[in-house]
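Architecture at a glance
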Amino acid sequence: MLQKNDVAPDFTLYATPDQKIKLSEFKGHNVILAFYPADWSPVCSDQMALYNEMLKYFKKYDAEVMGISVDSKWCHMAFAQSRKLHFPLLADFEAKGEVAKKYGVYDEEEGECKRALFVIDKEGVIAWSYMSPTAVNPGADGIIEALENLKSK
Amino acid sequence: MSLKPKVSTADHILGNGQADLTILEYGDYQCPHCGAAHPIIKEMMAELGSQIRFVFRNFPLSEMHPYAKPAALAAEAAALQGKFWEMHDAIFENQNLLSERLLLDIAEQLDLDMSKFKSDSQDEALQDRVDGDFESGMLSGVNGTPTFFVNGQKFDGGAEDLVQILGEN
């Protein structure tokens, strides 16, 4: 798993069926990358739904949050519509798990991303990373602390 | 993970305010899991209320539950007339009927001053209070609702697990 001070590997992934996102286009902003195993986990404890409620707090730190899983862009679209998500979900779908592997957070056995968080600074360098047990939604306190530390740097 | 900020007199407190055991819930009035936890908490407080300081903080998941925040504001507005827990209980007990109308009906049944209740519900200071609760939950590692804290430490389990552990001790 990539750690603090590693350069965040660039990638280009589908965010919607006809739109791709390139990480390096976000230079100048902080980025929160949230790798997660799969769309459609139970509602009230869903990690993406939780971050959806926190967008205005992330904005305060000039941070863009993006979810990443191996689900397809069509699955992401249905999931995002169903949960009214207002941030991008990226499809690490072809080649499957390629980006997760670069970040060292791919679960070969399940064929899914592990549940891992990265906060990337405005220069594209990893400021904080955290691996959560797959079954545990890590919440946002670690993210906020990392963003707070970047602000005071 | 520990609670930030700590429980203070600004919080809504039930049971024994001097008790050594503090149980805090971050909850959402429209969350079905919180609705299911409510009677369990009520029963726990009926039995052990003299030994527990119970605290409720708002954690409305507004995108998911459109009535969560209006309900939180209604409870806070009722609190300004000394009826927080009455409103809190009535909302959870009628969760399946939750609507703007229900909140007004409950307020009337609680004999609240309705014009004050309505204007307080829109008041920015109450919005800030609810947002402040949410923010404190975010900083404390709340990852869904309900999330409980026991003496300031996050408890990994639901209301039933909590009651079971209390029973064992």
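This report concerns the structure included in the present document. Fair warning: this is a prediction, and the values are worked out from it, not measured in the lab.

A short note on the sheet that holds strand E5 (residues 153-155) of chain B
Residue and element names in this part refer to chain B. An order of E1-E3-E2-E4-E5 is seen for the five strands of this open sheet, with the pairing classed as mixed. Only two strands of the sheet have a single neighbouring strand rather than two, namely strand E1 (12-15) and E5. Across the sheet, the axes of successive neighbouring strands diverge by a mean angle of 30°, strand direction being ignored. Here strand E2 (residues 21-27) runs beside strand E4 (residues 147-150); their pairing, made up of four bridges, is antiparallel. Looking across to E4, one finds that Leu-24 is bridged to Phe-149.

Remarks on the interface of chain A and chain B
One frequently used descriptor of interface size is the decrease in accessible area upon assembly of the parts. On the side of chain B, 16 residues touch chain A, which itself brings 17 residues to the contact. Elements that contribute at least two residues to the side of chain A that touches chain B include exactly helix H1 (47-53) and helix H5 (141-151) of chain A. For the side of chain A that touches chain B, the class distribution of residues is nine nonpolar, four polar and four charged.

Concerning the environment of Asp113(B)
With respect to the helices and strands, Asp113(B) occurs in the loop between helix H4 (100-109) and helix H5 (114-121). Separated by 32 residues in sequence, Asp113(B) and Gln81(B) place their C-alpha atoms 8.0 Å apart.

Overview of helix H6 (residues 124-140) of chain B
Owing to its 3.6 residues per turn, the α-helix brings residues three or four apart onto one side. Relative to the 24 Å expected for 17 residues at 1.5 Å per residue, H6(B) spans 24 Å between its end C-alpha atoms, a close match to the ideal helical length. Elements in contact with the buried residues of H6(B): helix H2 (55-60) and H5 of chain A together with E2, strand E3 (52-58) and helix H2 (68-79) of chain B. Looking one or two places after H6(B), you find Gly141(B), whose phi comes out positive at around 90°.

Considering the packing of H2(B) against H4(B)
Residues and elements named next belong to chain B. Two elements in contact, H2 and H4, have axes separated by 10 Å at closest approach and are oriented at 15°. With respect to their mutual orientation, H2 and H4 come out roughly parallel. Between H2 and H4 lies a crossing of right-handed hand. Seen from H2, the contacting residues are Pro-70, Ala-71, Ala-74 and Ala-78; seen from H4, they are Glu-100, Leu-103 and Ala-107. A breakdown of the residues in the contact of H2 with H4 according to their chemical character gives six nonpolar, no polar and one charged.

Digging into the pairing of E4(B)
Every regular strand shows the same layout, with side chains that alternate between the two sheet faces. Residues and elements named next belong to chain B. Where E4 and E5 come together, three bridges link them in antiparallel fashion. When the bridges of E5 are listed, Val-150 appears paired with Gln-153. Counting the residues in the hairpin turn of E4 and E5 gives two residues, including Asn-151, whose phi is positive at 45°.

A look at the environment of Leu97(B)
Residues and elements named next belong to chain B. Along the polypeptide, Leu-97 turns up in the loop between helix H3 (84-93) and H4. With 11 C-beta atoms counted inside 10 Å, the residue Leu-97 sits in the exposed group. Along the chain, Leu-97 and Gln-30 lie 67 residues apart, while their C-alpha atoms are 9.9 Å from each other.

Calculation notes
- Within every chain, residues take consecutive numbers counted from 1 along the sequence as written.
- Each chain gets a letter, beginning with A, and each ligand a number, beginning with 1, in the order they are written.
- At least 70 in pLDDT is required for a residue's local features to be given in this predicted model, at least 80 for side-chain atom pairs to be given and counted, and no such filter applies to totals for whole chains, interfaces and linings, which use all residues.
- A pair of strands is labelled paired if DSSP reports no fewer than 2 bridges between them.
- Secondary structure elements follow DSSP: runs of H or I no shorter than four residues count as helices, runs of E no shorter than two count as strands, and numbering proceeds from the N terminus.
- Here, axes are lines fitted to C-alpha atoms. For helices the fit covers the stretch in contact, and angles between N-to-C directions go from 0 to 180 degrees.
- Residues are treated as contacting if the C-beta atoms built from their backbones sit within 7 Å of each other.
- Note on residue classes: Ala, Val, Leu, Ile, Met, Phe, Trp, Tyr, Cys and Pro are nonpolar, Asp, Glu, Lys and Arg are charged, and everything else, Gly too, is polar.
- A helix is expected to span 1.5 Å multiplied by its residue count minus one.
- Each angle receives one of four descriptions, namely roughly parallel if under 35 degrees, roughly antiparallel if over 145, roughly perpendicular if within 65 to 115, and oblique otherwise.
- Crossing handedness: left-handed means the near helix sits turned counterclockwise from the far one by under a right angle, and right-handed means the same turn made clockwise.
- Here exposure depends only on C-beta density: within 10 Å of a residue's C-beta, 20 or more other C-beta atoms make it buried, 12 or fewer make it exposed, and intermediate numbers make it partly exposed, the C-beta atoms being placed from the backbone.

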